[in-house]
There are 2 protein chains.
Amino acid sequence: MVLSKACTYGVLASLYVAKQSENKSYVSIRDMSNELRISFHFLTKILQKLTAEGILQSHKGPKGGILLAREARNITILDVVLAIDGDKVFTECVLGLPGCGSERPCPMHNHWITVREDLREMFSTKTLAATSDDIRELGLRLSIE
Amino acid sequence: MVLSKACTYGVLASLYVAKQSENKSYVSIRDMSNELRISFHFLTKILQKLTAEGILQSHKGPKGGILLAREARNITILDVVLAIDGDKVFTECVLGLPGCGSERPCPMHNHWITVREDLREMFSTKTLAATSDDIRELGLRLSIE
DNA sequence: CAAATAAAAGACTCTTTTATCTTAAATTAA
DNA sequence: TTAATTTAAGATAAAAGAGTCTTTTATTTG
Ligand code: SF4
Ligand code: SF4
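These numbers were taken from a predicted model, which means no experiment stands behind them.

S.K.: Where do I start with the interface of chain A and chain B in this structure?
M.R.: Many authors give the size of an interface as the accessible area that is lost as the parts come together. Facing 40 residues of chain A, the contacting portion of chain B comprises 40 residues. Buried surface at the junction of chain A and chain B, summed over both partners, amounts to about 3,800 Å²; 72% is from carbon and sulfur atoms. Applying the counting criterion to the chain A and chain B interface returns zero salt bridges. One can count four residue pairs in polar contact (both at pLDDT 80 or more) joining chain A with chain B. Among the secondary structure elements, those contributing two or more residues to the side of chain A that touches chain B are helix 1 (5-20), helix 6 (109-125) and helix 7 (128-138) of chain A. For the side of chain A that touches chain B, the residue count by class is 25 nonpolar, eight polar and seven charged.

S.K.: Where do I start with the relation of the copies chain A and chain B in this structure?
M.R.: To go from the first copy of the chain to the second, apply a rotation about an axis and then a shift along the same axis. When chain A is fitted to chain B, the residual RMSD is 0.1 Å, and the transformation amounts to a turn of 180° plus an axial shift of 0.0 Å. Within this description, the copies of the chain are treated as partners about a two-fold rotation axis. When C-alpha positions in chain A are compared against the rotation axis, the closest is assigned to Val2(A), at 2.6 Å. When the interface residues of chain A are mapped onto chain B, 100% of them are again interface residues, pointing to one common binding face.

S.K.: Please explain the protein's contact with DNA strand D as it appears in this structure.
M.R.: Close contacts around DNA strand D come from 25 residues, with Ser58(A), Ser39(B), Phe42(B), Lys45(B) and Pro62(B) the closest. By atom count, sugar and phosphate contribute 60% of the portion of DNA strand D lying within 4 Å of the protein. Within the backbone of Ile29(A), one N or O atom sits 2.8 Å away from a phosphate oxygen of DNA strand D. The set of elements that each furnish at least two residues to the surface near DNA strand D consists of helix 3 (40-52) and strand 1 (56-59) of chain A together with helix 1 (5-20) and helix 3 (40-52) of chain B. Of the residues forming the surface near DNA strand D, the biggest block, four residues, is contributed by helix 3 of chain A. Per-class residue counts for the surface near DNA strand D are six nonpolar, 13 polar and six charged.

Basis of the calculations
Residues numbered from 1 in each chain as written. Chains lettered and ligands numbered in written order. Predicted model: local features only at pLDDT ≥ 70, side-chain atom pairs only at ≥ 80, totals over all residues. Heavy atoms only, no water. Contact = heavy atoms within 4.5 Å. Buried area = accessible area lost by both parts, 1.4 Å probe. Salt bridge = Lys/Arg side-chain N within 4 Å of Asp/Glu carboxyl O. Polar contact = N/O pair within 3.5 Å; in protein donor to acceptor, adjacent residues only side chain to side chain. Helix = DSSP H or I, 4+ residues; strand = E, 2+ residues; numbered from the N terminus. Nonpolar A, V, L, I, M, F, W, Y, C, P; charged D, E, K, R; others polar. Least-squares fit on C-alpha atoms with pLDDT ≥ 70 in both. Near = heavy atom within 4 Å.

Structure follows, in structure tokens:
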């Protein structure tokens, strides 16, 4: 798996929040966990991390929940991925070897870094706004149902 | 991590065996585990799988060990990856969603399948022969040392 | 044949990831 | 100001991945 489970949940949740963000009210984690079919407490932890990283803002108490901390068009999926999984995927060797690299590349290296960069590019060119808009237009579901 | 630890070990071991394959004698797993700095018993398990999958052949007893079951130029790194990790990486959705796909793609889908295919291409165009030759020429190490 | 060697097989341990459960803290609204 | 609501925090549990250890089986060689 390229992204951890926690990370894919974080991306799906971020897209869900972006989608709901016309209504200015906070998005309930409980509702979201029901709709996305993600364990409430597990999701809560992931969102706490996104809140700590400044991607989401949260509010306790009745009518509380979460919101995007910035505008959806200023948050990329890469931001979410980096907040949860870090940059391991974009820096690691595909063979798991430490200490080698561009100076003395193996035959895999040059191809590998293009794949790696393409992956990063993919995440960095998609904003939450654009992606959730497209998902809505195309009618794609964010969960199993 | 794109490949499991077991899978990267399997690739490194296969390349090691390919490199040693001028000497017609069996390659000792013990020696290999020492040189590659991989736990002997863990490596043994991985190699058993490669043997079961018809990529390696083994021989018990004194002077025993393992050999490539086919010629090194007829085994690709993809063969080794598929034998150990299966085709998950090349078939899974990057967002972990089941049931959606090309019929109703999300904005990520089209880019994702090119990345996925590029990854597969990378593994499938490298044979053990070519890769181990290149590694030898370039003096790349297969382990931490 | 007996002893030594080396892979095969399987039980077991440790770590990380994923998931659940409980309690605490903050906020709202009656 | 009290009760209800909702996120925060942290302990615990289950599952998967990674690694270790022991016993068995096959083979070679003296
Ligand atoms: S040179 Fe090869 S082994 Fe080294 S980091 Fe690059 S891909 Fe990995
Ligand atoms: S359409 Fe999007 S969510 Fe569905 S499989 Fe493709 S990348 Fe994954």
